[in-house]
Amino acid sequence: MTRPARILLVDDEVPIQRALAPLLRSRGYDIEAAGTASEAFEVMRARPADLIVLDLGLPDLDGVEVCRRLRAESSAPIIVLSARGGESDKVAALDLGADDYVTKPFSPEELLARIRVALRRVFAADEAPAGRLQVGDLVIDYDRHRVVRQDEEIRLTPKEFDLLALLARSADRVLTHRAILKAIWGPNAVDQPEHLWVLMAQLRKKIEPDPAQPKYLISEPWVGYRFVTEPADV
Amino acid sequence: MVSGRPWSSVVGLGLALVAIAGVTATLHLWLRLNNPTIAALTYLLIILIAATVSTLRVATAASVLGVLCLNFFFMPPVGTFTIADPQNWVALFVFLAVSVVASNLSSVARERAREAMARRDELARLFDLSRDVLLTTDSREAIGQLARFVSRRFALDFVAICLPRGDEWDVFDAGALGLQLTSDQLSKAFAGVDGGLEFDARARTYAGHREIALDDHRVRLVPLRLGARAIGLLAAAGRPVEPGTLDALAGLAAIAIERAHFLDERKSAEVARRSEELKSALLASLGHDLRTPLTAIRVAASNLQASWLADVDRREQSDVILTEVERLSRLFQNILEMARVDAGALAADVRWVHPSEILEAARDQVVHTLAGRRLEVDAAQERLVRLDPRLTASALAHLLENAAQYTAPGAPIEVKLTVNAEGLMISVRDHGPGIGAEDLPRLFDRFYRGQDARARVSGTGMGLSIARGMLAVERGRVWGENCPDGGARFTILVPAETKDAEASQVG
């Protein structure tokens with residue numbers, strides 16, 4: 001990283017801006033704030049940011065729509081701030097291109113972690129995609145469709161491997177149920193989440209040391225699943 | 001009409017006798033006619049006219065007189081009641097029979113016509129009543145009102161609608177007589193009713209009619225039926241009403257009662273729905289209004305713990321926390337006040353107070369929101385008012401808060417305190433965007449927020465509704481309007497006694 005990452009903070013609530021901006025600056029990010037959607041669009045056109053933190057409850061435009069337009073103009077990751085109970089908005093925003101979300105009231109660490117993950121993806125995108133991923137004692141070899149845990153190969157069905165690979169390639173990001181269903185079973189399956197529940201249960205049984213308390217394949221209630229690369233400190 | 005009948009009967013009889021005497025004189029003395037056929041036909045004409053315009057009795061009397069006159073003046077030997085030719089006996093009897101039968105027919109026709117008129121009259125009354133019933137909207141009063149309608153439309157001196165409630169009876173009565181029906185009487189009459197529904201073709205009524213004597217009045221009890229089910233009794237006394245009409249009346253009353261119940265049910269369903277709406281509006285509002293300050297406080301507090309913060313930033317972060325805590329406590333205050341207004345837990349506690357005291361108290365409550373706003377106060381009054389200063393000040397605080405939220409920081413907020421004969425009037429005028437036309441009627445609805453305001457100004461939509469609720473406790477009012485030269489003006493009016501400030505110092 002030669003220059004600090006630029007983050008656009010879009011929230012109409014002044015106190016949130018006043019509290020978040022110094023926090024993010026202290027972590028070396030370059031912060032620009034916007035109170036409305038139109039302001040955010042302007043900033044993105046003038047000085048594109050590397051990442052956008054977006055509150056879904058903006059005064060001038062529906063949050064999901066803001067998300068869609070930002071995505072149309074820029075590939076910068078979007079982290080959505082939303083209220084608990086606003087699950088449908090959250091999922092819609094994620095399906096329309098948002099990368100992740102945190103629920104208000106969130107802890108500062110939670111937001112910082114999401115920002116780190118999203119930015120890592122931005123700056124790693126230039127590097128050649130790795131043929132394998134190692135997380136803790138788990139090694140996923142994408143090329144050979146093999147998964148090894150503690151030097152012991154785990155036999156996965158092709159669908160199970162697809163699911164694991166899909167989540168692992170977007171490591172630390174949430175993927176919505178809809179997005180996963182579409183990627184693995186095709187567009188006709190998006191309304192049949194039961195496929196996913198069954199497959200996820202099988203996969204967890206094979207991958208997780210304790211399937212009842214998963215540490216790699218984390219469920220985000222009502223939203224989707226996340227493959228976690230730093231399971232130890234969660 | 002009842003008292004007029006004997007009179008008209010006597011007059012009719014007189015006229016008939018005079019007419020027969022006249023005809024006799026004309027034919028016998030003047031024209032010197034002695035053809036009994038012409039005389040008989042002329043008498044018959046008079047008898048028919050009598051039967052048509054008067055009663056059967058008059059016509060019969062005229063017939064008898066006609067027979068006598070015919071015999072005396074026109075049948076040989078003239079001048080005596082003896083009849084020489086036996087054929088004339090036959091003629092005389094035929095004349096009598098024809099005139100009596102014709103009188104009868106004519107009288108029956110008249111009776112039918114009268115009956116039809118009466119029926120039409122009752123139908124018209126029923127129709128009027130049904131219109132009354134359909135126009136009734138307030139269901140609480142509906143049944144008592146129904147009894148009054150029945151009594152008025154049918155000119156009955158006593159009408160009561162009696163509905164069973166367990167062993168007791170709810171009696172809604174109307175009319176001048178004011179008879180007292182006992183539960184025993186009603187229960188006894190009602191006991192036989194529930195058995196079944198049979199139509200009595202001869203009386204043209206359904207079964208179950210009862211008649212009881214009460215204080216020298218005959219009270220008729222008719223079951224109120226919905227379909228075959230009896231739901232109560234209709235009692236009527238005074239003018240006689242056809243049993244069939246009473247049945248129709250009871251049917252209409254039963255429908256009206258059922259309608260009143262439906263209106264009641266619909267109203268309570270509406271109330272339940274509105275309270276559901278309120279709850280979800282409250283939750284949505286709280287969801288947003290709690291989460292934002294909580295997030296800001298959480299982040300700012302953890303910033304304060306961090307070592308990287310400069311002193312200037314530290315002050316900034318603690319300011320964020322204080323402001324947001326203030327916002328939260330105001331929110332809780334609002335919720336609490338709203339709950340009190342809803343629960344009816346507020347009571348006016350009146351005392352003598354100077355209006356400026358109320359303004360000070362109100363200002364104190366919203367000092368954070370008012371920060372940086374200029375308050376221009378116009379209060380040249382030296383009169384005291386007697387009201388609840390606590391409620392009035394809280395209501396005023398909401399108006400001030402509202403004005404501050406919709407005014408640019410530089411613009412003044414004008415407060416005017418006036419004491420007049422009605423009581424205390426306080427107006428708060430801002431220089432904000434004013435009130436949208438579509439918002440005006442719903443301004444004081446709970447959780448209602450102006451169409452524009454929703455986007456630009458943070459708020460819960462509780463303030464004005466609380467202000468109204470609090471003022472209502474002391475019979476006060478509040479209203480909002482746009483000023484001709486821009487901005488909105490909200491005015492509070494609290495009815496109160498007033499007196500001069502000096503007078504109070506003496507007392």
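Owing to the predicted nature of the structure, the values given are computational and were not obtained by experimental measurement.

(A) Region of the structure containing the overall build of chain A. Along its length, chain A carries eight helices and 12 strands. Across the 234 residues of chain A, 51% fall into the buried class. Of the accessible surface of chain A, which amounts to about 11300 Å², a share of 49% is contributed by carbon and sulfur atoms.

(B) Broad picture of the pattern of salt bridges. The tally for this structure, following the rule as stated, stands at 40 salt bridges over all chains. Close ionic contact of Asp132(B) with Arg153(B) constitutes a salt bridge, the shortest N to O distance being 2.9 Å. In this pair, Asp132(B) is assigned in helix α4 (residues 86–135) and Arg153(B) in helix α5 (residues 142–153), connecting sequence segments 21 residues apart. Since its relative accessible area comes to 10%, Asp132(B) is described here as buried. Each of Arg6(A), Asp30(A), Glu32(A) and Arg47(A) takes part in a single network of salt bridges with overlapping partners.

(C) Seen up close, the side chain of Asn402(B). Residues and elements named next belong to chain B. Tracing the backbone shows Asn402 in helix α11 (residues 389–405). With relative accessibility at 14%, the residue Asn402 sits in the buried group. Here Asn402 is in contact with Leu464 and Phe490, once residues within four sequence places are set aside.

(D) Region of the structure containing the sheet that holds strand β6 (residues 217–226) of chain B. Residue and element names in this part refer to chain B. A sheet is described by the order of its strands in space; here five strands give the open sequence β2-β1-β7-β6-β5, paired in antiparallel fashion. One side of each edge strand has no neighbouring strand; the edge strands of this open sheet are β2 (168–174) and β5 (210–214). Going from strand to strand, the sheet's axes swing by 25 degrees on average, the running direction of each strand aside. The sheet contact formed by strand β1 (residues 158–165) and β2 spans seven bridges and is antiparallel. Looking at the pairing, Val159 lines up with Ala174 of β2.

(E) Layout of the pairing of strand β2 (residues 30–34) of chain A. Judged from the five bridges that link them, strand β1 (residues 6–10) of chain A and β2(A) form a sheet pairing that is parallel. Note that in β2(A) the partner of Val10(A) across the bridge is Ala34(A).

(F) Seen up close, the packing of helix α2 (residues 36–53) of chain B against helix α3 (residues 56–74) of chain B. Residue and element names in this part refer to chain B. Contact pair α2 / α3: the axes reach a minimum separation of 9 Å and the direction vectors enclose 165 degrees. Considering the angle they form, α2 stands roughly antiparallel to α3. Handedness of the crossing formed by α2 with α3: right-handed. Residues Pro36, Ala39, Ala40, Tyr43, Ile47, Ala50 and Ala51 of α2 touch α3, and the partners they reach there are Val58, Ala59, Ala62, Ser63, Gly66, Cys69, Leu70 and Phe74. Residue classes in the contact of α2 with α3 are distributed as 13 nonpolar, two polar and no charged.

Rules used throughout
Residues numbered from 1 in each chain as written. Chains lettered and ligands numbered in written order. Predicted model: local features only at pLDDT ≥ 70, side-chain atom pairs only at ≥ 80, totals over all residues. Heavy atoms only, no water. Helix = DSSP H or I, 4+ residues; strand = E, 2+ residues; numbered from the N terminus. Buried < 20%, exposed > 50% of the residue type's maximum accessible area, 1.4 Å probe, protein only. Areas by Shrake-Rupley, 256 points an atom, 1.4 Å probe, with all protein chains shown as cover. Salt bridge = Lys/Arg side-chain N within 4 Å of Asp/Glu carboxyl O. Contact = heavy atoms within 4.5 Å. Pairing = 2+ DSSP bridges. Axes fitted to C-alpha atoms, helices over the stretch in contact; angles between N-to-C directions. Parallel < 35°, antiparallel > 145°, perpendicular 65-115°, else oblique. Left-handed = near helix turned anticlockwise from the far one by under 90°. Nonpolar A, V, L, I, M, F, W, Y, C, P; charged D, E, K, R; others polar.

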